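# Structure at a glance
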Amino acid sequence: MLLELSITDFAIIEHLDIDFQAGMTVLTGETGAGKSIIIDAVGLLVGGRGSHDLIRTGASKAVIQGSFILHEDNPTYSVLDDLGIDHSDSNVIIERVIFANGRNSCRVNGIMVNIATLKRIGETIVDIQGQNDHQELMRPERHIQLLDDFAEDELTPILKSYQQQYDQFIRLRNLNEKKHQNEKEWAQRVDMLKFQIKEIEAADLHANEDTDLVAERERLNNFQKIHDALLASYEGINGDEDATGSIDSIGSAMSSMQDIEDLDPEYKQISDNLSGAFFALQDVASQISDQLSNLEFDQDRLDQVEQRLNTIYQLKHKYGDSVAQILEYLAKIKKELKQMSGDAEANDDLDNQLAGIKSDLIKAATKITGIRKNWAHKLQKAVHQQLSDLYMDKAVFEVNIQQNRALNRLGADRVEFYIQTNPGEKMLPLVKSASGGELSRIMLALKTMFAKAAGVTSIIFDEVDTGVSGRVAQAIGNKIYTISQKSQVLCITHLPQVAAMSDHHYFIEKQIADNRTTTTIIELTAPQSVAEISRMLSGTTITKLTKEHASELIKLADEEKQKIRA
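Conventions used here
- Residues numbered from 1 in each chain as written.
- Predicted model: local features only at pLDDT ≥ 70, side-chain atom pairs only at ≥ 80, totals over all residues.
- Heavy atoms only, no water.
- Helix = DSSP H or I, 4+ residues; strand = E, 2+ residues; numbered from the N terminus.
- Expected span 1.5 Å × (residues − 1).
- Buried < 20%, exposed > 50% of the residue type's maximum accessible area, 1.4 Å probe, protein only.
- Arc of directions from axis to C-beta.
- Core = buried A, V, L, I, M, F, W, Y, C linked by side-chain atoms within 4.5 Å.
- Domains from an automatic or database assignment.
- Contact = heavy atoms within 4.5 Å.
- Pairing = 2+ DSSP bridges.
- Axes fitted to C-alpha atoms, helices over the stretch in contact; angles between N-to-C directions.
- Parallel < 35°, antiparallel > 145°, perpendicular 65-115°, else oblique.
- Nonpolar A, V, L, I, M, F, W, Y, C, P; charged D, E, K, R; others polar.
- Phe/Tyr/Trp six-rings, centres within 6.5 Å; stacked < 30°, edge-to-face > 60°.
- Lys NZ or Arg CZ within 6 Å of the ring centre and 35° of its normal.
- Patch = residues over 30% accessible without salt bridge, like charges linked within 9 Å, V, L, I, M, F, W, Y side chains within 5 Å.
- Areas by Shrake-Rupley, 256 points an atom, 1.4 Å probe, with all protein chains shown as cover.
- Salt bridge = Lys/Arg side-chain N within 4 Å of Asp/Glu carboxyl O.
- Lys, Arg positive; Asp, Glu negative; His and termini not counted.
- Charge placed at Lys NZ, Arg CZ, Asp CG, Glu CD.
- Left-handed = near helix turned anticlockwise from the far one by under 90°.

### Quick notes on helix 7 (residues 209-221)
An ideal rise of 1.5 Å per residue puts 18 Å on 13 residues; helix 7 measures up with 18 Å between its terminal C-alpha atoms. Every buried residue of helix 7 is accounted for by Glu 209, Asp 210, Leu 213, Glu 216 and Leu 220. Down the axis of helix 7, the sector holding all buried residues measures 125°, keeping them to one side.

### Observations concerning the nonpolar core
Counting 89 residues, the largest nonpolar core has Leu 379, Val 399, Phe 417 and Ile 480 as the members making the most contacts within it. When residues in this core are grouped by element, the largest group, 13 residues, is from helix 13 (residues 350-389). No fewer than three residues from each of domain 1 (2-130 + 439-447 + 457-565) and domain 2 (209-340) sit in this core. Leaving out residues up to four positions away in the same chain, Val 399 has contacts with Leu 147, Ala 376, Leu 379, Gln 380, Val 415, Glu 416 and Phe 417. One finds Leu 16, Ile 39, Val 46 and Val 108 within the second-largest nonpolar core, a separate group that totals 43 residues.

### Quick look at the sheet that holds strand 11 (residues 428-429)
On the basis of which strands lie adjacent, the open sheet formed by three strands has the order 9-10-11 and antiparallel pairing. Both edges of this open sheet fall to strand 9 (396-408) and strand 11, since each of them pairs with a single strand only. Where strand 10 (residues 411-420) lies against strand 11, two bridges are found, and the strand directions are antiparallel. Across the sheet, Tyr 418 pairs through a bridge with Pro 429, a residue of strand 11. Strands strand 9 and strand 10 of the sheet are contacted by helix 4 (residues 143-150), whose axis makes an angle of about 95° with strand 10. Helix 13 contacts strand 9 and strand 10 of the sheet and is inclined by roughly 170° relative to strand 9.

### Overview of the packing of helix 4 against helix 13
Contact geometry of helix 4 with helix 13 gives a least axis separation of 9 Å together with a crossing angle of 90°. Taken together, helix 4 and helix 13 sit at an angle that is classed as roughly perpendicular. Of the residues in helix 13, those in contact with Ile 144, Leu 147, Asp 148 and Phe 150 of helix 4 are Arg 372, Trp 375, Ala 376, Lys 378, Leu 379 and Ala 382. Of the residues belonging to the contact of helix 4 with helix 13, the class tally is seven nonpolar, no polar and three charged.

### A few points about the packing of aromatic side chains
Taken as a whole and judged by the stated rule, the model has six aromatic pairs. An angle of 55° between the planes, with centres 5.7 Å apart, marks the rings of Phe 20 and Tyr 506 as tilted. Of this pair, Phe 20 sits in the loop between strand 2 (13-19) and strand 3 (24-28) while Tyr 506 sits in strand 14 (residues 504-513), and the two are 486 residues apart along the sequence. For Phe 20, a relative accessible area of 4% puts it in the buried group. Under the relative-accessibility criterion, Tyr 506 is labelled buried at 4%. Ring centres 5.4 Å apart and planes at 75° place the aromatic pair Phe 278 and Phe 279 in the edge-to-face group. Using a relative accessible area of 14% as the deciding quantity, one classes Phe 278 as buried. Arg 103 extends its terminal NZ or CZ atom over the ring of Phe 99, reaching a point 4.2 Å from the ring centre. For Lys 378, the ring lying beneath its charged end belongs to Trp 375, and the centroid distance is 4.0 Å.

### Section: the environment of Asp 149
Note that Asp 149 resides in helix 4. Of the residues examined, Asp 149 reaches a relative accessible area of 34% and is grouped as partly exposed. As a C-alpha pair, Asp 149 and Leu 315 span 166 residues in sequence and 56 Å in three-dimensional space.

### Thoughts on the sheet that holds strand 5 (residues 91-99)
Spatial ordering of the open sheet is given by 2-1-4-5-6-7, a layout of six strands whose pairing is antiparallel. In the strand order of this sheet, the two ends are held by strand 2 and strand 7 (111-113), each with one partner. In this sheet, adjacent strand axes meet at a mean angle of 15° when their direction is disregarded. Where helix 3 (residues 115-122) meets the sheet, its contacts fall on strand 5, strand 6 (104-108) and strand 7, and the angle it forms with strand 6 comes to roughly 40°.

### Some words on a negative patch on the surface
Together, Glu 4, Asp 17, Asp 19 and Glu 523 give the surface a local cluster of negative charge. Given a relative accessible area of 47%, Asp 19 falls into the partly exposed group.

### Description of the domain arrangement of the protein chain
Often, the extent of an interface is quoted as the loss of accessible area on bringing the components together. When its domains are assigned, the protein chain resolves into domain 1 (2-130 + 439-447 + 457-565) and domain 2 (209-340). Spacing between the C-alpha centres of domain 1 and domain 2 amounts to 78 Å.

### Quick word on unusual backbone geometry
The phi dihedral of Asp 204 is positive, around 50°, even though this residue is not glycine. Along the chain, Asp 204 turns up in the loop between helix 6 (183-203) and helix 7. Given a relative accessible area of 46%, Asp 204 falls into the partly exposed group. In the Ramachandran plot, Asn 515 falls in the positive-phi region, its phi being about 60° despite a non-glycine side chain. Take Asn 515: it is sitting in the loop between strand 14 and strand 15 (516-523).

### Brief notes about the packing of helix 18 (residues 526-538) against helix 19 (residues 544-565)
It is the contact of helix 18 with helix 19, at a shortest axis distance of 8 Å, that shows an interaxial angle of 110°. When the axis of helix 18 is compared with that of helix 19, the two are roughly perpendicular. Crossing of helix 18 over helix 19 shows right-handed handedness. Taking contact as the criterion, the partners of Val 530, Ile 533, Ser 534, Leu 537 and Ser 538 in helix 18 are, on helix 19, Thr 546, Lys 547, His 549, Ala 550, Ser 551, Leu 553 and Ile 554. Tallied by class, the residues present in the contact of helix 18 with helix 19 amount to six nonpolar, five polar and one charged.

### Some points on the pairing of strand 10
Burial analysis of strand 10 places eight of its ten residues in the buried class, the great majority of the element. Pairing analysis gives nine bridges linking strand 9 to strand 10, with the strands arranged antiparallel. In the strand pairing of strand 10, Glu 398 is matched with Tyr 418. In this structure, the hairpin formed by strand 9 and strand 10 is closed by a connection of two residues.

### Points about the pairing of strand 6
Direction of pairing for strand 5 relative to strand 6: antiparallel, over a ladder of five bridges. Of the residues in strand 6, the one forming a bridge with Ile 98 is Asn 104. Sheet analysis places strand 6 next to strand 7, joined by three bridges and oriented antiparallel. Paired with Cys 106 across the strands is Val 113, a residue of strand 7. Linkage of strand 6 to strand 7, two consecutive antiparallel strands, is achieved through a turn of two residues, within which Asn 109 is found at a positive phi near 50°.

This is how it looks when you write it as C-alpha cells:
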C-alpha cells in the first residue's frame, strides 16, 4: 500500500506531500489540474520512462519519493532478497531523481538501483491502469498472455518446462542449419580447433612458467657476474692470502670483550652483540660457500631454457600475451570443440536429435493447448459474470483458440477474444466490434478477476471510466470498490457515481501565482466532498438541488458499499 508520496519540481507541481490510506481513494478536479501528473509521478517511482522534460521550468531536478507498506507474503520481498536489499521492517522507500542533463538516480531503501531493477521491483507493488490501457485488448497478440495470466497456477510450471526445451530445440536447430550451410567451413573449424588444442597441450605449459624461465636465463647469462660477487663477498668475510677477513677481526674483538664482559652490564651487551655478529657472519659465509660450491655454468641448460622460452613466445604470438592467457584460450576452444562435436557424440545425427525433441515439444504443446482450453471456459464464465455486473449481460464473450502449424515459444496456439455485444449478431473479433466504453468495461472485468492473483498492493485507475455514464458508471464504481477490498485503489475520475463510492476523496486544483502555475491537493471533508460531487454533476453552477442530488448519490453509494462488504 502506498502510504506517502512526495513530489518536488515535477511538471507543474512545485511540491506536494500526500498521505494515502487503504481502501478506495478518488482524485477529482478540473481537466488539466494535474491529476494525471500525480499518477505519472507514481509511475516513474516504480520504473516508468521519464525524461528531463518533466522537470518543472527553472528547476535543476525533479524528486519523487514514496513510502510503501507491504504484507509479509508480498512477492516484492523475494525480489529484494534476490537483489540483496534490506527490508528489516515492512516499509519499502523508493526515491527517483531526474536531473536536467537526463541522468536518473533511483534508490530503494537507500540502495542505488538502475531503472530496469526499479521496474522489476515496482511491478510487484503497483499496477497502473490508464485510460488507454484497454488498447491492450485491441492487440490480439496480447490475448494469449491475458489467458495465460488467468491460468497461471496450473500453466506456468508446464509452460516454463516447455520453453526450456524449446530454447534447446532452437539452439540445436541453428547449430544444425549452420552445419549444413557450410559443411566444409564446419569441418575446417573443427580441424583448426583440434590442431590448436594439440599444439598447446603438447607444450605442457605451467602457470607462471615463462616468468620462472626468464629468471633462470638471467642467472645463467650472468654466471660470471654472480660468481665474482659471491667470491668477493666470501673473501671479504673470510679473507684471502693477502688480507685478514672480517670474521677474524670480529672474532678477535669478540674475544677481547668476553674478557671484560663481567665487569659492566654495558660491556656484556657489547660482547653479546659482537658474538651475534660473529655467528651471523659465519652463517652467511657458509651460505656463500654452498652457493659457490653448487655454482656452475651449464650451457646445455641455457640452450634448453632459450628453446623453451622460444616455444612459449611462439604460442604467445598466436594465442595470448602470457601463459595464463594461453591456458585460458585453451579452455575456451576445448569448450567450443566439445559443443561442436559433443552433440554429435551424444547423437551422431543432429536431424534425428531434433526430430526427437520436436516430437516431445508437440506433445507438450498439445498438453498446453488442453490446459488453455479448459481455462478459456473458466475465463468466459467469469467474464460473463463480471460483464453482467457492468450491464453487459446480453454480451457473449468467447476465447477462440486455434492451433498454429508451427511451434513458437508459447506453444502452438493462437488466442483471440471474440464478442457478441448484441443478441442476433454474429461473433466477431473483439478488436472489430467493441466500442471504447465496452472495451473499458471488459478490461475492468479482467482487472477485477486478476487483482487478487496479481499480488500488487496498489492499483491505480487513471480515467478508465471514459466513455460511460448513468447506471454503467455506477456499476463501474461498484466494481472498482470491490477491487479496493483486496488492494488499495487510487482512482482518477470525472464520474460523480464513481467519486461517491470512495472511502477518501482528494481534490486537485491548478493555481496561478506570480505568473507561475502550480498544482495543489487537499483531502476533502464530507461536506466538501458533497460540494465537489455536486460540481461534477452540474458542471459549473452548484445549486441546492445539485447538492441534494450529490448527497443522495453518496447515500446510495454507502448502501452499495455495505452490500459489497457483506
